[in-house]
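These are the residues of each chain, in order.
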Amino acid sequence: MTTFTAPKGTFDTLPPESATFLAVRDALTAPLRAAGYGYIETPVFEDTALFARGVGESTDVVSKEMYTFDDRGGRSLTLRPELTAGVMRAFIEHKLYAGQLPVKLYAVGSNFRYERPQAGRYRHFTQVDMEALGVDDPALDAEVVQLAVAGFRAIKLENFELQLTSLGDANCRPQYREKLQSFLAGLDLDEETRRRAAINPLRVLDDKRPEVAKQLTDAPLMVDHLCDDCRKHYDEVREHLRDLGVQWVEAPRLVRGLDYYTKTTFELVHNGLGAQSAIGGGGRYDGLSKELGGPDVSGIGYAVGVDRTLLALRAEGLIGDPPARVQAFVVPLGDEARRRGLQIVTDLRAAQIPADLSYGGKGLKGAMKAADRSGARYAVVIGDRDLADGTAQLKDLTTSDQRAVPLTDLTRTVKELLS
Ligand code: AMP
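Residues numbered from 1 in each chain as written. Predicted model: local features only at pLDDT ≥ 70, side-chain atom pairs only at ≥ 80, totals over all residues. Heavy atoms only, no water.

The name that an unreviewed UniProt entry assigns to the protein is Histidine--tRNA ligase, with the source organism given as Cryptosporangium phraense. The UniProt entry for the protein carries the following text under Subcellular location (unreviewed entry): "Cytoplasm". (UniProt positions renumbered as here; feature names shortened; annotations may be inferred.)

This is the structure we're talking about:
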């Protein structure tokens, strides 16, 4: 018989490690909830055109990496490669802009990109994403950047750097783009890079190949060509960040993989991850709502890669032993005890004590082995004779101390011992 494996570039997250995944995901979103961001869930697939327009036709994500298919009704759909476009679609569709601004949203979920798989780069990965929509205020930019950093600080991550720049806006970027293009035209570049320079010249600035990089040392930079508005905006963002004690490095060559960014743009880079070092990134995207047929309102947000954050935690030695699956384990011996076992374990659970039961009619030895493996602190052993006496044997699995406890007091006793 053929067996199956997870598709190339994907992986399973299994217990007990999956508990760390959930803990990290929740820790990364806790600062968002504390700052008034509300949870939004959007479909895993959307109209293909949404991403083509929202992410940008010239990006690698849209031109090479999308999982696109026709459904049975002949509609072209795409598994989402990122979360922002879907959130913006919902913002426009439900006219959220008509209410109190900014609209603060966060989302958590699966993304799909047909990438070349390697450590930290997968075809299915999970992001925490947040968006603050409808207000263009440097203080809001600073809040968003600070929250991204706060998420990582909450999980005790240390060896990362905040890289910050401004990408200008519709006013100053086109002029800068021309300047950069004429600079690039004078360089010795291969055909493919020339083509990229014509479509998306900013992307060329990020080229790490030595033969290209060495020709770029004197390239004009966006931060030196910001219009007065963008310059003032960027100065104010940095002032707020200083006030908040957030440290950053200026990254004038930072470009992001997605086309829609304007003004404040940032990336969080971890130094223990090798080539795939970005653990998160984001920025302002003031043209996106309009581009998607909505009102001309601004937006800013970021996305953090949960899978890469886990790799970063591991690189810093911050992943400890996974927590025990349960805290109490019931071992019923004999027919009558087996009948009562499920009831007893259900009572323990009702009292918020994570608990499990030995299933499958195991004998004492096998059942105690299962109790040990469960990670529980206490085993509740019940033989038919105990049951006749109305008691259970409560065994501390770390010390092997054992004592008889009346069944009527069992839940209360375990609860007290665990607190
Ligand atoms: P992006 O949407 O490309 O700005 O990515 C935001 C974050 O998502 C990155 O900083 C990564 O942490 C994560 N990420 C992006 N692409 C992948 C991928 N293929 N595999 C794993 N994580 C990814």
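And the narrative resumes.
Participant: Which residues make up helix α5 (residues 138-154), and what values do they have?
Facilitator: The end-to-end C-alpha distance of α5 is 24 Å, a good match for the 24 Å that 17 residues give at a rise of 1.5 Å each. Turning to α5, its buried residues number three or more, namely P138, L140, D141, A142, V144, V145, L147, A148, V149, G151 and F152. Backbone nitrogen of A139 and a side-chain oxygen of the N-cap are separated by 2.8 Å at the start of α5; the cap is D137. After α5 finishes, the residue K156 shows a positive phi value of roughly 75 degrees. (Helix = DSSP H or I, 4+ residues; strand = E, 2+ residues; numbered from the N terminus. Expected span 1.5 Å × (residues − 1). Buried < 20%, exposed > 50% of the residue type's maximum accessible area, 1.4 Å probe, protein only. Polar contact = N/O pair within 3.5 Å; in protein donor to acceptor, adjacent residues only side chain to side chain.)

Participant: Residues and numbers for the site of the ligand, please.
Facilitator: Neighbouring the ligand are 14 residues, the closest being R113, E115, Y122, R256 and A278. Between the ligand and R113, the relevant distance is 2.8 Å, taken from an oxygen atom to a side-chain nitrogen or oxygen of the residue. One of the backbone nitrogen or oxygen atoms of Y122 is found 2.9 Å away from a nitrogen atom of the ligand. Calculation on the ligand without its partners gives an accessible area of 480 Å², and the protein chains cover 93% of this total. Listing elements by their share of the shell around the ligand, those giving two or more residues are β6 (124-133), β10 (278-284) and β11 (299-305). (Near = heavy atom within 4 Å. Areas by Shrake-Rupley, 256 points an atom, 1.4 Å probe, with all protein chains shown as cover.)

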